[in-house]
Structures are given as structure tokens and as C-alpha cells.
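Coordinate inspection notes
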Amino acid sequence: MLKATLKSLLARKLRLTLSTLAVVLSVMFVSGSLVLTDTLGRTFDNLFANIYTYTDVQVSAKSPVQQQGGGNSDNTPFPASTVDRVAKMDGVAKATGQVFLNGAVPIGSNNKVVVNQTGQQYGGNWTGEDELVHLTEGHGPQADNEVVINKGLAETADYKLGDPIDVVTRDQQRATYTIVGLMQYAGGRDSMAGESTVFFTTAKAQQAMLGALGEYNVIDVKAASGVSDEQLRDTVKAGLGDDFVVQTGQELSKQSSEAIKGFLKYFNYLLLGFGAVALLVGVFLILNTFSIIVAQRTQELALLRAMGAARGQILRSVLLEALLIGIVGSVFGFLVGLGLGAAGAYAFVGLADGAQVAGLGFPISAVIASFAIGIGVTIVAALMPALKASRVAPIAAMRESATPDRPLTKLTVSGTIVSALAIGSLSWGLAGAGGATLALVFGGVLGLLIGVALLTPIISRPLVAALGSVLSWSVPGKLGRRNSSRNPRRTAITAGAVMIGIAIVTAISTIFSSLSTALGDTLDKDLQADVVVLGQQTSEIPPVVTPAELQRITDLPDALTVAAFTADAVEIDGQQQYVTSYLDPAAAVTVLKLKPDEGRIDKLGPGEFMVDRKTADNRKFKLGDTISVTFAKGQTKSLKLVGITGETNVAGGIVVDYDDAKAGFSFPQPWQVFVEARSGASATGLKDAVNDVLKDNPQVQAYTKDEYVKTNQQTFDIALVIVQVLLLVALAISVLGVINTLLLSVIERTRELGMLRAVGLRRGQTWLMVTTESIVITVFGTVLGLVVGAGLGAAIVTALKDALGFGAVTLPWGLMVVYFIASAVVGGVAGFIPSLRAVRLNVLGAIAYE
């Protein structure tokens, strides 16, 4: 039986190749995502280990507001006397006060910000060359108008020694400096990871980056001979107390690497999502493939039964084929995934100039997942065909390989029950059943996908006939249409693979289209502004409008109302959250169309705040309530609630007085300005006038309201591009399923095709007949997927209406038309190989085929 199984498998090389490809595509995204995560994780481990190689111990002040995830920001300044205290502690060989933090934004010769992919634009004080930093040209800054920059920045912006460079520092002042030195890091690296760095004199760095002379934000501490880093850390920590964070270089490396890894997990989720879709579609293909193999081998299996093979041997024979295909597919899937992961790592790290990819590894998780998924999915998908094969009676050896289709009663009843339960779950969830709304909705979505898949065979006959009638203008077209509905089960499984992919993509597209439309409608309805000023935030430092620029915008003759906003992270009751501040609450009320619900909302004073109705209800706020707020600069203040606005989708949350914001925010300058034009004024003309005011501020730009809406919708456009990639993955696997089905159809109808050719059907007509069948099956699956996907997307949008602020459901009609047309093209491409086989049949040999 083993020899017979292997010979049977090798005799059908095309079928073996297609089945293996399905497994490869299913496995490669999973293995690729795990390899990518592992490689990038080790890359950043090495990167930060190199950065902190020469750091024994580093000291920073504990930030008043902790970063998300509980980390400490090293932006908090402390007096120079702290450096002197540390220098006198036991075990300290040297303590160097440093200014080094994000927020020195270089401006290129084109008056635009010199951006980099890391979002890090560091500014610091030059303390001389050491083990990490080396000058390659020039000397250190000696005057406040001189700077040293890293060679990576010099190459990016084409700067040379002696050139002027404009830099906007954390005090939001733009100044021109002379480049007197170029530096590299140890190992000849122009940057550590693609960031830009500008070194000033110590006094200038303190003033421009920290806002005051005689302050630092970091102390680099070197251990004395014989003192370990851990001993030094403990000594300094005990001497400084709880107001400071003291870490070894190894701890800093681990902390920085873990922060990056937390971000990288989302790439892992994305690739795993592709893998999940590939697996789901691949199951249909593998199931259909083994159904095909069993149907083709009916006579062969019956002969084996007649010769004494037991049912268990037949079952094991088919499962052995599945096991071999699963193993081969898993091996190639892992190897392809390894290549994808490596390519992704090089592409990702390529964005961070200066970083080097760690050696390619073979993470055990990727190996285990690849083989578990590849073999497991293949065995499970082949189990039903294997059971069917074991039930072949010896008498079947006297029949032809084509077997009559079984009744669809059981499938139809099962599909009806599952669909009814799914619709019930959806309806219950959409009606708001307690706290289980989302669970019921998503459970109903999954159940409906399964239910429709089970009902596909019974749906296929009338729907395939209707779709095929469009292509039935010729005899070959009519034959192709009838052939596609000849075996409903096979057609359903093949179309099911297409349906699942299209349904998932359509549902996601519906969600993002609805979000995009809801955002546009909200801004159009609730924002009474004709021009919006904002910048693209390329780092943690917000691009801001200076007070002088804001006054000039207010003085423009076509500007009726000008509302400026700023925001920052604070701590309220020990938890970090963002609060907003309006420079002029009365103007904000006008521009944002805010309505008073309780108290006053057009004026705030020091120690006061207001909220919207939704926030008040969620936090059980009442007029007169107080909250304790710790601001970014360290002060803690009690604020009193004096006003509650009506519900709004553009200005929710807590709003504090601007005097409190000026005293406590890291960057109190406005980073967004809304301008309402006077009656009869042109929005485009006003935008041009505002941009003229901002011509010396390269960080911000004015947009008309329509442009602002489109800018906000770009995020959803990017998401839709990712969805299209997901569609390509699903269609690629679906094509293999269509090819499999049509190849079986051609083989089963060999004698029939010979007869048709004998009575006058030409090669071109034979090609058209098989291609029509392919297109009909693919379009049938697409139509089902579009309908199901649109319905599921609409259900999810409705369920999340309150949580995410959805408006009405918006179907992506344009994309749906594209999906439909693409499916017809894919159907034509999938029919190429089966059509080629059909037209090459020898007429006499086909007629004599048994």
C-alpha cells in the first residue's frame, strides 16, 4: 500500500504541486511574521547594546507624568548641583552632566523640516570626544552660534563644514548656526539608527533645549576601578533618593529594546492576519484537492479493495498523501517565510540608516508553527475525503471515475440551522444585549460565514445559471455554464475559497469606508472653520504656531474667528491622559459649534476646567467637582469643573484654562488653529494669506477645510491599500482551487470532450467553453463574497456605532466593482492551464478513454 500510495502521488505531479503551493502560501505568512519579529528583536537588542556599551550608569530625574506603559521620560531638568553631588559619591570616577533630548529640528535649504524615519531629532551639549563620539572634521562648538552635527544629517541634507544650518529647538525658537564640526559614532557609524543630532555649547543647549541655564537632564556616571555597574547604580540611587531614576547601561539597553519590540508586535499581527486568511482559503483548496483525488481514483481504490485492502489501509493511504504534502509544503513554506522575514527585516532596518540587521535566525516558534499549521491543516482538510475513500466498495471498479453527486439535503439543513443561529446572534447583539454585544456580533459574523459556506451548493445551481447566462451567447458559452453547475458540491467548495477571501476584504473595506465617511461628515457638520493650520508631527515634539504668528493670523482682514488649541499629557488620579486647552474658549465654542449643557463654557479661569457631556457621564462628573492634575512640568493643581458642553465628536475630553496650560504643559504654544472666514471671503484666498504669515515656520501649514478632511482620511486610505494586499493573497490561493477543479472536470469529461471535438467543436471553442466555466465559478464566489462581506461589514459598523463614532453604513461601491471585475479576470487566468489541456486532447484517444 505504501508503494501504491507513493506511485499514485507522483503520478499526479500537477495536482501535487498545486496542493503543496496552497500549504506553502498558508504557512509562509505565519513563519515570515515570526522570523521578522525575531530578527528585528535581535537587531534592536544589538543596536541598543551598542548605544549603551560605554555607559556604566545613567541618571535622570523622575518625570512627573509617566509615559504610557509606565516608562520614565528623561526630559525633566535638574540643577547642575546634582552633578556635583553624584561626582562626590563613593565609587564614582567621573560624573558628566549632559543635555540630550529630542527636539532639535533641522531646517533644510528648501525651508522644510529635514525628517528621518525614526522621528528622533536630538539636540545636546558638546562635552568633547569620548569612546562613543568622534569628530571626523572640524572642532567642537565654542560660541553659541556654532554646532556639531552627525554625518548622517550632513549627508541627508547635503551640509558641509562651514555651512549655515537653521534649527528649531524645544523653546520653539528658530536660529541660524554655523556647522563647525562633523561627528560619527564608534564603529564609523554616521548615526545610531537614522536619527539626526545637533550639538550646541553647554549654555546654548541648556537654554534652547531645557529652557534655563545651569540645568541638565542626564548624568553619565563612570565607575571607579573595581566597582561594578550594579554597585555604582545602588550607591547613586541611595544617595539621590526616589526623585531620580538610576540605571545601568545594560538596563537602559533592555528597556529601549523592549519598547521597540512592543511596537513591532503590530507588524506581527498584520502578517499573522494575512496568514489566517491564507489558511482559511487554503482549507477549501486542500479539501477540494483531496476530494478530486478520491473521485479520480475511485476505480483504483475499488481495485485495491477487491484485491484485499482493508478500509483502514485506504484511509491511511489518503492521509499519508496528505501528510507528505503537508510536510513538503511546510518545509517550503518555512523557507519562503524565512526569506520574507529576512527581506522585511532588511527593508525595515534600511529605514534606520546606521543600524545593522542581526544574523538571520531560525526561531523555534517559527519552525513549530510552520509544521504544526502545514501538517495540521492538510490532515484536517483531507480527513473527510479520506473517510469517503475508505468507503469505496469493490464493485465501484466497474464504474467510471466520475461519480454522481449526492443529495444536498443534509448540507442545506445544516447550513440553514447555522445561518439562523448566526442571524439570531447578530440581531441580539445589534439590539444591545447587555455587555455581550460585541461577542454576539462577532460570533454571529463567524457563524454566518460558516452557514453561507454550507448553503453554497444549493445556492450555486440557480445563481450559477443566472450568472452564466450572460456568457451563453454561443454554444461553447452555454456548455461552459452547464458544466459549472454539473457538480454543485465541487463548484461550491471552489467558489467558497473565493467567497471567504472576498467577504473578509469587503467587510473590512466597508468598515474603513464607513469610518472615513463618518469622519468627513463629522468635521463638515461640527467644524465651523474654513481654514485649518497644523503640522505633520515627525517626533514627540509638536509643530507649533508662535504667538506672533497667531496674532498676525487674527489680524488678517478676511479672518472672522480664530480658535487656537494645544494639548499635553497629564496625570489625573494617577493615570495618564491627554487634556486640551483653548487659548480663547469663546472662539472655540463658535468654531466647534459647542452648546452649553450646564454651567459656562465660553470662559475659563485659572484652576477651572470643563468637559463634554459624554466625558461627564462616563466619569460621573458634576458641576463643582474637583480633580487633582499633575502637569508635565511637575506642578500638581486642583481644578474645579465649571462647565459641561453638549455631546460633540470633535472636542471631547477635559479642557483646562490656558494660564494653567502655559505654566504646566511641555509645549503650551498652539499646535492647531481653526480660522473662520468672513462672509463672502474666499477660503482659498484666506489659506494663501495664512500660509504667507507662516512662510518662516516650516513646521506648520494652512489647509482649506476640504483639504483638512482629506488629510484626516488618508489613514483609512492606507488601511485600504493593506486590505488590497490581503485580497491578492486570498485570490492567489483561490486561483489554485479553480485550476484544480477545472483540471478534474477536464479529466472526468475526457471522452465527452473527444465526442464534442469529433462532431465539430473547434480548439478555440473548447478553450472558450472551459474558460467560461472558470469565470462563472470565480464570479459566483465573488458575488457571494460581496453580498456576505457587505452584510457583515454593515453589522460590525452598526455594533460599533457608539464606540467608534460611526455614522451611516457606507458601502465601498467603487472597490466592490473593482473586486468583481478583478474576479472575472482572475477566472480567465485560472482557466488557462485547464483550457490548454482540453484543447491538446487527442480526439481519437479521448473517445477511447475509459
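Look up a bit, the structure's there.
Residues numbered from 1 in each chain as written. Predicted model: local features only at pLDDT ≥ 70, side-chain atom pairs only at ≥ 80, totals over all residues. Heavy atoms only, no water.

1. Overview of the nonpolar core
Counted only if it meets this: Among buried residues, those of type Ala, Val, Leu, Ile, Met, Phe, Trp, Tyr and Cys that are joined through side-chain atoms within 4.5 Å constitute a nonpolar core. Note on classification: 1.4 Å probe, protein chains only; a residue is buried when its accessible area is under 20% of the maximum for its type, exposed when over 50%, partly exposed between these limits. Two residues form a contact once any of their heavy atoms are found within 4.5 Å.
If you look at the biggest cluster of nonpolar residues, it comprises 88 residues, and the most contacted ones within it are Val-281, Ile-286, Phe-290, Ile-500, Ile-502, Leu-792 and Tyr-819. Residues within four places of Val-281 in sequence aside, it is in contact with Ala-497, Ile-500, Gly-501, Ala-730, Ile-733 and Ser-734. Membership of the second largest hydrophobic core comes to 38 residues, among which are Val-86, Ala-154, Met-209 and Leu-240.

2. Here's the deal with the environment of Ala-732
Put simply, the rule reads: Think of it this way: any DSSP run of H or I at least four residues long counts as a helix, any run of E at least two long counts as a strand, and we number them from the N terminus.
Along the chain, the position of Ala-732 falls in helix H20 (residues 705-748). Residues Ala-732 and Ala-830, spaced 98 residues apart in sequence, show a C-alpha to C-alpha distance of 9.7 Å.

3. Here's the deal with the side chain of Gln-121
Which entries qualify depends on this criterion: Under this definition, polar contacts are N or O atom pairs within 3.5 Å; protein pairs additionally need one hydrogen-donor-capable and one acceptor-capable atom, and for neighbouring residues in sequence, both atoms have to be side-chain atoms.
In this structure, Gln-121 sits in strand S6 (residues 121-125). Exposure remark for Gln-121: the relative accessible area of 1% places this residue in the buried category. A polar contact is formed between the side chain of Gln-121 and the backbone oxygen of Val-114, at a distance of 3.3 Å.

4. Looking at helix H6 (residues 229-240)
Think of an α-helix as turning once every 3.6 residues; residues three or four places apart then point the same way. Put simply, the rule reads: By this rule the span expected of a helix is its residue count minus one, scaled by 1.5 Å.
Helix length check: H6 (12 residues) gives 16 Å between terminal C-alpha atoms against 16 Å at 1.5 Å per residue, within 8%. Two residues or fewer after H6 comes Gly-241, characterised by a positive phi angle close to 85 degrees.

5. Let's talk about the packing of aromatic side chains
Put simply, the test is: Between the rings of Phe, Tyr and Trp (Trp by its six-membered ring), a pair exists once the centres lie within 6.5 Å; its type follows the angle of the planes, with under 30 degrees stacked, over 60 edge-to-face, and the other angles tilted.
Within this structure, the stated rule accounts for 11 aromatic pairs. One aromatic cluster in this structure is built from Phe-100, Tyr-122, Trp-126 and Phe-199.

6. What to know about the pairing of strand S10 (residues 174-185)
Convention followed: At least two DSSP bridges between two strands are needed for those strands to be called paired.
Two elements, strand S7 (residues 133-138) and S10, share 5 bridges in a ladder whose sense is antiparallel. Within the sheet, the bridge partner assigned to Val-133 lies in S10 and is Tyr-185. For strand S8 (residues 146-150) and S10, the ladder comprises 5 bridges, and the chain directions are parallel. Opposite Val-147, over in S10, you have Ile-179 as the bridge partner. Pairing geometry for strand S9 (residues 164-168) and S10, over 5 bridges, is antiparallel. Considered in S10, the bridge of Pro-164 is made with Thr-178. Taken together, S9 and the strand that follows it, S10, pair antiparallel across an intervening segment of 5 residues, in which Gln-172 is found at a positive phi of about 65 degrees.

7. Considering the pattern of salt bridges
Rules: The rule for a salt bridge is simple: a side-chain nitrogen of Lys or Arg has to be within 4 Å of a carboxyl oxygen of Asp or Glu.
Enumeration over the complete set of coordinates arrives at 14 salt bridges. Residue Asp-220 pairs with Lys-222 through a salt bridge whose shortest N-O separation is 3.7 Å. Of the residues examined, Asp-220 reaches a relative accessible area of 14% and is grouped as buried. Relative accessible area serves as the criterion here: at 18%, Lys-222 is assigned to the buried category. In this structure, the salt-bridge partner of Asp-234 is Arg-233, at a minimum N-O distance of 3.1 Å.

8. Considerations on empty space enclosed by the protein
This is how it is decided: Both cavities and pockets are sets of points on a 1 Å grid over the protein atoms alone; in a cavity a 1.4 Å probe fits but cannot get out, in a pocket the set is open with protein on both sides within 12 Å along at least five of seven lines, and lining residues sit with an atom within 4 Å of a point. Grid points are joined across faces, edges and corners, and a volume is the space filled by probe spheres set on the points. Only Asp, Glu, Lys and Arg are considered charged in this grouping, and only Ala, Val, Leu, Ile, Met, Phe, Trp, Tyr, Cys and Pro are considered nonpolar; every other residue, Gly among them, is considered polar.
Tallied over the entire structure, the rule returns 2 cavities of 30 Å³ or more. By volume, the second largest cavity amounts to about 40 Å³. If you go around the second largest cavity, the residues you meet are Tyr-582, Leu-594, Met-610, Val-611, Asp-612, Thr-645, Ala-651, Gly-653 and Val-655. Counting residues per element, the lining of the second largest cavity draws most heavily on strand S19 (residues 608-612), at 3 residues. Residues belonging to the lining of the second largest cavity are distributed by class as follows: 6 nonpolar, 2 polar and 1 charged.

9. Quick look at unusual backbone geometry
Phi is positive for Asp-158, close to 60 degrees, though the residue is something other than glycine. Secondary-structure assignment places Asp-158 in the loop between helix H4 (151-157) and S9. Using a relative accessible area of 55% as the deciding quantity, one classes Asp-158 as exposed. Positive phi, normally seen in glycine, also occurs at Lys-593, with a value near 55 degrees. Since its relative accessible area comes to 37%, Lys-593 is described here as partly exposed.

10. Topic: the pairing of strand S14 (residues 244-248)
When you tally the buried positions in S14, you get 5 out of 5 residues, the bulk of the element. Side chains Phe-244, Val-246 and Thr-248 of S14 all project onto a buried face; the interleaved residues Val-245 and Gln-247 project onto the opposite face, where all are buried too. Looking at chain direction, strand S1 (residues 57-61) and S14 are connected through 5 bridges and run antiparallel. In the sheet register, Ser-60 faces S14, and the bridge partner there is Val-245.

11. What about the sheet that holds S14?
The line we're drawing: The convention used is that axes are lines fitted to C-alpha atoms, helices contributing only their stretch in contact, and that angles between N-to-C directions extend from 0 to 180 degrees.
If you walk across this open sheet you meet the 4 strands as S3-S13-S1-S14, and the pairing is antiparallel. Two strands in the sheet have a free side with no partner beyond their single neighbour: strand S3 (92-98) and S14. With direction set aside, neighbouring strand axes in the sheet form an average angle of 20 degrees. Pairing of S1 with strand S13 (residues 218-223) involves 3 bridges; the strand directions are antiparallel.

12. Brief notes about helix H15 (residues 547-554)
Formally: Within this analysis, the arc is defined by the directions that extend from the helix axis to the C-beta atoms.
All of the buried residues along H15 are Glu-549, Leu-550 and Ile-553. With its buried residues spanning 100 degrees around the axis, H15 presents them on a single face. More than 90 degrees from the buried face of H15, the exposed residues found are Pro-547 and Ala-548. In this fold, the buried residues of H15 make contact with strand S16 (559-572), strand S23 (672-677) and helix H19 (683-693).

13. Quick notes on the environment of Ser-31
Secondary-structure assignment places Ser-31 in helix H2 (residues 13-51). In sequence terms Ser-31 and Gly-333 are 302 residues apart; their C-alpha atoms lie 7.5 Å from each other. If we ignore the near neighbours within four places in the chain, the residues touching Ser-31 are Gly-333, Phe-334, Gly-337, Leu-338, Ala-366 and Ser-370.

14. Quick look at the packing of helix H13 (residues 475-484) against helix H22 (residues 763-799)
Applied cut-off: Any angle from 65 to 115 degrees is called roughly perpendicular, while one under 35 is roughly parallel, one over 145 is roughly antiparallel, and all others are oblique. Crossing chirality is assigned from the near helix's rotation relative to the far helix, an anticlockwise turn below a right angle marking it left-handed and a clockwise turn marking it right-handed.
Between H13 and H22, whose axes approach to 7 Å, the crossing angle comes to 40 degrees. Between H13 and H22, the angle is such that the two are oblique. Between H13 and H22 lies a crossing of right-handed hand. Taken together, the residues of H22 that come into contact with H13 (itself represented by Pro-476, Gly-477, Leu-479, Gly-480, Arg-481, Asn-483 and Ser-484) are Gln-765, Leu-768, Met-769, Thr-772, Glu-773, Val-776 and Ile-777. Residues belonging to the contact of H13 with H22 are distributed by class as follows: 6 nonpolar, 6 polar and 2 charged.

15. Comments concerning the environment of Val-83
For Val-83, the position within the fold is in helix H3 (residues 81-87). Sequence separation between Val-83 and Val-221 is 138 residues; the distance between their C-alpha atoms is 9.3 Å.

16. Considerations on the packing of H22 against helix H24 (residues 813-830)
The relative placement of two packed helices is expressed as an angle between their axes plus a distance between the axes. At a minimum axis distance of 8 Å, the contact between H22 and H24 shows a crossing angle of 155 degrees. As far as their axial angle goes, H24 and H22 are roughly antiparallel. Note that H22 runs across H24; the crossing there is right-handed. Contact residues: Thr-771, Ser-774, Ile-775, Thr-778, Val-779, Thr-782, Val-783, Leu-786 and Ala-790 in H22; Met-816, Tyr-819, Phe-820, Ser-823, Ala-824, Gly-827, Gly-828 and Ala-830 in H24. Tallied by class, the residues present in the contact of H22 with H24 amount to 10 nonpolar, 7 polar and no charged.

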